[in-house]
Amino acid sequence: MKLRSVKGTADVLPEQQAAWRRVQDAAERVLGNAGAGQVTVPMFEYAEVFEKSVGESSDIVVQKEMYVFEDRGGRTLALRPEFTAGLMRAFAEHGMHTRPLPVKLWSLGPAFRAENVQRGRYRQFHQVDYEVVGTDSALADAEAVQLAYQLVTELGLRQHVVKLGSVGDPEDRAAYNAYLREALEPRRSELSEVSVERLRLNPMRVLDSKDEGDQRVIAELDRPLDRLGEASRAHFEQVRRYLDAWGVPYQVDPAIVRGLDYYRRTAFEVHYEGIGAQSAIGGGGRYDGLLKLLGGADLPAIGWALGVERLLDAMAEEGVLGTDKPGKRLFLVPLDDEAVAEAAELARRLRSKGRVEFAYQRRAPGKGLADADKRGATHAALRGGSERTRAVWELKDLASGEQRAVSEAELFALLESPA
Ligand code: HAM
């Protein structure tokens, strides 16, 4: 039997790494320049960290998407389904509340959810995550949205849309949920099975249903944004004013409901049409209260995560994925047996300057050049008896066909010169 990768996981092959690196570099630049420090947290934690955070009505818990397992010591652990919970656990554990506030953190890495696999929905996926802890200012919300927008824009996307809404303060949510219960209970029979369950756990999540029957019912209802309390409405308007002033485009989405329970006030998503049903390339919002829930200080926070696979899919759709820009790549061709060891030895030294490969056996000139070409070299250098006598290598530029005898020093210089 041939072994295969687990469904919903993927390998990132050498030719795909450049695009991944672009995402990582852009994240580091954009978020680092905004004052965020990179944090690496473990890929698994006590399951409690996530169970407490994401909430009992989140898809992750309701649909049993968390990879929970018991280790040999009988501890109940879980692979991280997202970063926020682990980052807040780390924030509390390292007493980061004593650092100058707000503290901005970012992270990048894999996350795991046992989902129904489809385009854009995987069981191991990657997120770029950004969190700001220690300010309840609407300015931090606007800045977070702006940074997500900037990162996506810097990666070359043009067709993305920010959808901005508010889920209100906890008391607004409670009032809205009570309203929904009252409106929806008499119509239970018209709702899908999932929505009936959501109605029981967290009625607001019914709004997230893609079911047509559900949508017909929902269409007649007030949205969370129609029923915000005074304070959360003022906060929402303030976030909008900043974004307007900065020229960050967004659409108000009065019915935005996020899949995790910890949100309050600002909630937003970044969508990219054209990558299938899973069009959310990112999402986030404010989650005041979560840190305290995990045993940390009572500090407000806001953040977001972008899905790297969906970002790359969108970049491919938009034709901005780009390719690895090869610098100089040299291939050494030994024309006789003595030159094999010479090539290996020279390659070893030249590699302090750049990419150098060599043939592991004597090659005829034509075969050696073909090898160099196949391996993606930009230049080949050949060596046989006549070159040895003159202490040179015969250098060939594979693009122009130009050829000349060069010294070792010139090969070092070649690799050092800009592409
Ligand atoms: P989320 O909306 O669950 O939020 O995930 C954020 C992004 O991760 C999604 O928009 C999507 O691009 C990507 N994503 C999620 N699940 C999958 C999957 N199964 N396959 C591929 N991509 C996926 C969070 O995770 C929050 N922790 C964001 C946050 C940070 N809120 C505050 N701070």
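For the structure itself, look to the data block above.
Presented here is an overview of the structure given in this document.

Rules of the game
Residues numbered from 1 in each chain as written. Predicted model: local features only at pLDDT ≥ 70, side-chain atom pairs only at ≥ 80, totals over all residues. Heavy atoms only, no water. Helix = DSSP H or I, 4+ residues; strand = E, 2+ residues; numbered from the N terminus. Rg over C-alpha atoms; globule rule 2.2 N^0.38 Å. Buried < 20%, exposed > 50% of the residue type's maximum accessible area, 1.4 Å probe, protein only. Contact = heavy atoms within 4.5 Å. Areas by Shrake-Rupley, 256 points an atom, 1.4 Å probe, with all protein chains shown as cover. Lys, Arg positive; Asp, Glu negative; His and termini not counted. Charge placed at Lys NZ, Arg CZ, Asp CG, Glu CD. Axes fitted to C-alpha atoms, helices over the stretch in contact; angles between N-to-C directions. Left-handed = near helix turned anticlockwise from the far one by under 90°. Nonpolar A, V, L, I, M, F, W, Y, C, P; charged D, E, K, R; others polar. Salt bridge = Lys/Arg side-chain N within 4 Å of Asp/Glu carboxyl O. Near = heavy atom within 4 Å. Polar contact = N/O pair within 3.5 Å; in protein donor to acceptor, adjacent residues only side chain to side chain. Pairing = 2+ DSSP bridges. 1 Å grid on protein atoms, 1.4 Å probe; cavity = no way out; pocket = protein on both sides within 12 Å on 5 of 7 lines; lining within 4 Å. Points joined across faces, edges and corners; volume = space filled by probe spheres on them. Patch = residues over 30% accessible without salt bridge, like charges linked within 9 Å, V, L, I, M, F, W, Y side chains within 5 Å.

## Focus on the overall build of the protein chain
So, point 1. For the protein chain, the helix and strand inventory stands at 15 helices and 16 strands.
So, point 2. By the compact-globule yardstick of 22 Å for 419 residues, the protein chain is too spread out, its C-alpha radius of gyration being 28 Å.
So, point 3. C-alpha atoms of the protein chain, sized along the principal axes, occupy 95 × 55 × 45 Å.
So, point 4. Taken across its 419 residues, the protein chain has 49% of its residues classed as buried.
So, point 5. The contacts in the protein chain between residues at least 6 apart in sequence include a share of 70% that link residues at least 24 apart.
So, point 6. With the model as given, the accessible surface of the protein chain reaches about 20,400 Å², and the carbon-plus-sulfur share is 49%.
So, point 7. If you average the places of the 58 positive and of the 65 negative side-chain charges in the protein chain, the two averages end up 4 Å apart.

## Notes on the packing of helix α1 (residues 17–33) against helix α5 (residues 138–154)
So, point 1. Orientation of α1 relative to α5, taken along the N-to-C sense of each, is 145°, at an axis distance of 10 Å. In this structure, the crossing between α1 and α5 has a hand that is right-handed. Where α1 abuts α5, its residues A26, A27, R29, V30 and L31 lie against L147, Q150, L151 and E154.
So, point 2. Partitioned by chemical class, the residues of the contact of α1 with α5 number six nonpolar, one polar and two charged.

## Thoughts on the pattern of salt bridges
So, point 1. Applying the stated criterion across every chain yields a total of 32 salt bridges.
So, point 2. Of the charged contacts, one joins E220 and R187 as a salt bridge, the two residues approaching to 2.8 Å between their closest N and O atoms. In this pair, E220 is assigned in the loop between α8 (212–218) and α9 (230–246) and R187 in the loop between α6 (170–184) and α7 (193–201), connecting sequence segments 33 residues apart.
So, point 3. One salt bridge connects E357 with R355, and the closest N-O pair in it is separated by 3.9 Å.
So, point 4. Here R355 falls in the partly exposed class, since its relative accessible area comes to 42%.
So, point 5. Connected via shared salt-bridge partners are D336, E338, E342, R383 and R388.

## Considering the site of the ligand
So, point 1. Contacts to the ligand come from 27 residues, most closely from E82, E115, Y122, E131 and Y263.
So, point 2. Between an oxygen atom of the ligand and a side-chain N or O atom of R258, the distance comes to 2.9 Å.
So, point 3. Across the complex, the protein chains shield 95% of the 650 Å² of accessible surface that the ligand would expose by itself.
So, point 4. Here the element with the most residues in the shell around the ligand is strand β10 (residues 280–286); it accounts for six residues.
So, point 5. Partitioned by chemical class, the residues of the shell around the ligand number 10 nonpolar, nine polar and eight charged.

## Points about the environment of V194
So, point 1. Positionally, V194 belongs in helix α7.
So, point 2. Overall, V194 belongs to the partly exposed group, its relative accessible area being 44%.
So, point 3. Spatially, the C-alpha atoms of V194 and S209 are 8.2 Å apart, while their sequence positions differ by 15 residues.

## Remarks on the sheet that holds strand β12 (residues 329–334)
Strand pairing in a sheet relies on backbone hydrogen bonds, with the paired strands running either antiparallel or parallel.
So, point 1. Read from one edge of the open sheet, five strands run β13-β12-β14-β15-β16, paired in mixed fashion. Each end of this open sheet is capped by a strand with a single partner; those strands are β13 (355–358) and β16 (403–406). Here the strands of the sheet are splayed against their neighbours by 25° on average, with no regard to which way each runs.
So, point 2. By the bridge criterion, four bridges tie strand β14 (residues 379–383) to strand β15 (residues 393–397) in an arrangement that is antiparallel. Bridge pairing in β15 links L382 to E394.
So, point 3. Against the sheet, helix α12 (residues 337–350) engages β12, β13, β14 and β15, with an angle of about 160° to β12.

## Re the pairing of strand β9 (residues 264–272)
So, point 1. Counting buried residues in β9 gives eight out of nine residues, a clear majority hidden from the surface.
So, point 2. Relative to β9, strand β7 (residues 160–166) runs antiparallel, the two being bridged by seven bridges. Each residue of the ladder has a partner; that of V162, found in β9, is V270.
So, point 3. Of the pairings in the sheet, the one linking β9 to β10 comprises six bridges and is antiparallel in character. Paired with V270 across the bridge in β10 is G282.

## Thoughts on empty space enclosed by the protein
So, point 1. Following the criterion strictly, the structure yields three cavities of 30 Å³ or more and no others.
So, point 2. Reported here for the largest cavity is a volume of approximately 50 Å³.
So, point 3. Here the residues of the lining of the largest cavity sort into five nonpolar, one polar and four charged.
So, point 4. Within this model, the second largest cavity holds a volume of roughly 40 Å³.
So, point 5. Lining the second largest cavity we find R329, L330, F331, R355, E357, R375 and A377.
So, point 6. Among the secondary structure elements, those contributing two or more residues to the lining of the second largest cavity are β12 and β13.
So, point 7. By residue number, the principal contributor to the lining of the second largest cavity is β12, which donates three residues.

## Observations regarding a nonpolar patch on the surface
So, point 1. Taken together, the side chains of M43, F44 and F69 present a nonpolar region at the surface, about 280 Å² in accessible area.
So, point 2. With respect to the element layout, F44 can be found in strand β2 (residues 44–46).
So, point 3. You can call F44 partly exposed: its relative accessible area is 46%.

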